[in-house]
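Structure at a glance
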Amino acid sequence: MDVAIRFVEALDADAGADPDLLAERLAHAAAAALPVDGVGLSLHGEAGRRTPLAASSEGAATAERLQFTAGSGPCLLAAESGLPVFANEEILGRRWPVFHDLLVTHTLLRSVLALSLSGRLQAVGGMDLYFADPDGVTAVDVYEARCVARLVSDHLDVAADWSVWTPTELPAWSETPDAQRRGRLWMAVGMLMLALEAPTPDALAVLRGYAYAAGRTADEVALDLIERRLQPDQLREDAGSDR
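Quick caveat: nothing in here was measured; it's all calculated off a predicted structure.

Along the polypeptide, aspartate 202 turns up in helix H9 (residues 200-214). Given the relative accessible area of 43%, aspartate 202 is considered partly exposed. Between the alpha carbons of aspartate 202 and leucine 192 there is a distance of 9.2 Å; along the sequence they are 10 residues apart.

As structure tokens, this is what we get:
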């Protein structure tokens, strides 16, 4: 069966869902159409402001949070370059050792194919395909993967009101639970900026470093800061002990 037909059938099977869950439906349809173990969709802004939209599985959602915690990885590179990035486990370990360490420690996923979305979402949106097989990325048909990425882009494009899409006014489909969680992270970064009297990149680096050392994701640590279970001074002390 043609990959486009598989995608449309999977999407239509969930046609009665809440329209605001479009990104989640698209992630699940992409996972059903391709031989993958997980799919993640995301948006990318300036200064590394990656916002997850939805994932087809908890493993894929965790992989995105781990890559954001590491601060580098194939999905971030694909968003910057606009080109597909193939990363089997050997490449992940050699090129992105921190992300690889987190991935194998916390998930069953071992390889990644990262794609940029197309059209008006080129260099703005990303689709990440995850595989449990260390070389699973080499078995997927890149033409089919890019076809699905275009279908995802088309559906998001049609559902977006581009006349009001600004940094402060985004499409309704972008207000997903995953996106809201990442929004709270940037609130925590703001708290650290004030406490440390540091610019955004430095405050984010402190948050990421603390999370990595604690074996947690940056999103989890950020939530603890927001809900006052963790104080900025605790991260300040940790950053100072590293110098």
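Back to the write-up after that little detour.
The subject of this paragraph is the environment of threonine 200. Here threonine 200 is to be found in helix H9. Relative accessible area serves as the criterion here: at 25%, threonine 200 is assigned to the partly exposed category. The sequence separation of threonine 200 and tryptophan 186 amounts to 14 residues, and the corresponding C-alpha distance is 9.3 Å. Discounting chain neighbours no more than four positions away, the residues touching threonine 200 are Trp186, Val189 and Met193.

What follows covers the pairing of strand E1 (residues 38-44). Burial within E1 is extensive, with 7 of its 7 residues counted as buried. Taking every second residue as pointing to the same face, both faces of E1 are buried, with Gly38, Gly40, Ser42 and His44 on one and Val39, Leu41 and Leu43 on the other. Of the strand pairs in this sheet, E1 and strand E5 (residues 125-131) are connected by 6 bridges, and their pairing is antiparallel. Paired with leucine 43 across the bridge in E5 is glycine 125. Alignment of E1 against strand E2 (residues 50-55), held across 5 bridges, turns out to be antiparallel. The residue of E2 that forms the bridge with serine 42 is proline 52.

Together, Phe86, Val142 and Tyr143 line one region of the surface with nonpolar side chains, adding up to about 300 Å² of accessible area. Relative to the elements of secondary structure, tyrosine 143 occurs in helix H7 (residues 142-159). According to the relative accessible area criterion, tyrosine 143 is exposed, its value standing at 56%.

Now for the confidence of the model for the protein chain. Averaged over all residues, the pLDDT of the protein chain is 89; the fraction at 70 or higher stands at 90%. The least confident element of the protein chain, judged by mean pLDDT, is helix H11 (residues 232-241) at 72; the most confident is helix H5 (residues 89-95) at 97.

By secondary structure assignment, the location of glutamine 67 is in helix H3 (residues 58-70). A distance of 2.9 Å separates a polar atom in the side chain of glutamine 67 from the backbone nitrogen of cysteine 75. Within the structure, glutamine 67 has its side chain in polar contact with the backbone nitrogen of leucine 76 (distance 3.4 Å). What glutamine 67 contacts, discounting residues up to four positions off in sequence, is Ser72, Gly73, Pro74, Cys75, Leu76, Phe99 and Tyr130.

For the structure on display, the rule yields 1 cavity of 30 Å³ or more. Within this model, the largest cavity holds a volume of roughly 90 Å³. In terms of lining residues, the largest cavity is bounded by 16 residues, among which Pro52, Ala54, Ala61, Glu64 and Asp178 are the most central. Mapped onto the lining of the largest cavity, the elements with two or more residues apiece are E1, E2, H3, E5 and helix H8 (177-196).

Below, the discussion takes up H8. Across its 20 residues, H8 extends 29 Å between first and last C-alpha, which sits within 8% of the 28 Å expected from 1.5 Å per residue. Within H8, the full set of buried residues consists of Asp178, Ala179, Arg182, Leu185, Trp186, Ala188, Val189, Met191, Leu192, Ala195 and Leu196. Note on H8: the residue one or two positions beyond its end, glutamate 197, has a positive phi of about 50°.

Reading guide: rules and limits
- Residues numbered from 1 in each chain as written.
- Predicted model: local features only at pLDDT ≥ 70, side-chain atom pairs only at ≥ 80, totals over all residues.
- Heavy atoms only, no water.
- Helix = DSSP H or I, 4+ residues; strand = E, 2+ residues; numbered from the N terminus.
- Buried < 20%, exposed > 50% of the residue type's maximum accessible area, 1.4 Å probe, protein only.
- Contact = heavy atoms within 4.5 Å.
- Pairing = 2+ DSSP bridges.
- Patch = residues over 30% accessible without salt bridge, like charges linked within 9 Å, V, L, I, M, F, W, Y side chains within 5 Å.
- Areas by Shrake-Rupley, 256 points an atom, 1.4 Å probe, with all protein chains shown as cover.
- Salt bridge = Lys/Arg side-chain N within 4 Å of Asp/Glu carboxyl O.
- pLDDT = per-residue confidence, 0-100.
- Polar contact = N/O pair within 3.5 Å; in protein donor to acceptor, adjacent residues only side chain to side chain.
- 1 Å grid on protein atoms, 1.4 Å probe; cavity = no way out; pocket = protein on both sides within 12 Å on 5 of 7 lines; lining within 4 Å.
- Points joined across faces, edges and corners; volume = space filled by probe spheres on them.
- Expected span 1.5 Å × (residues − 1).

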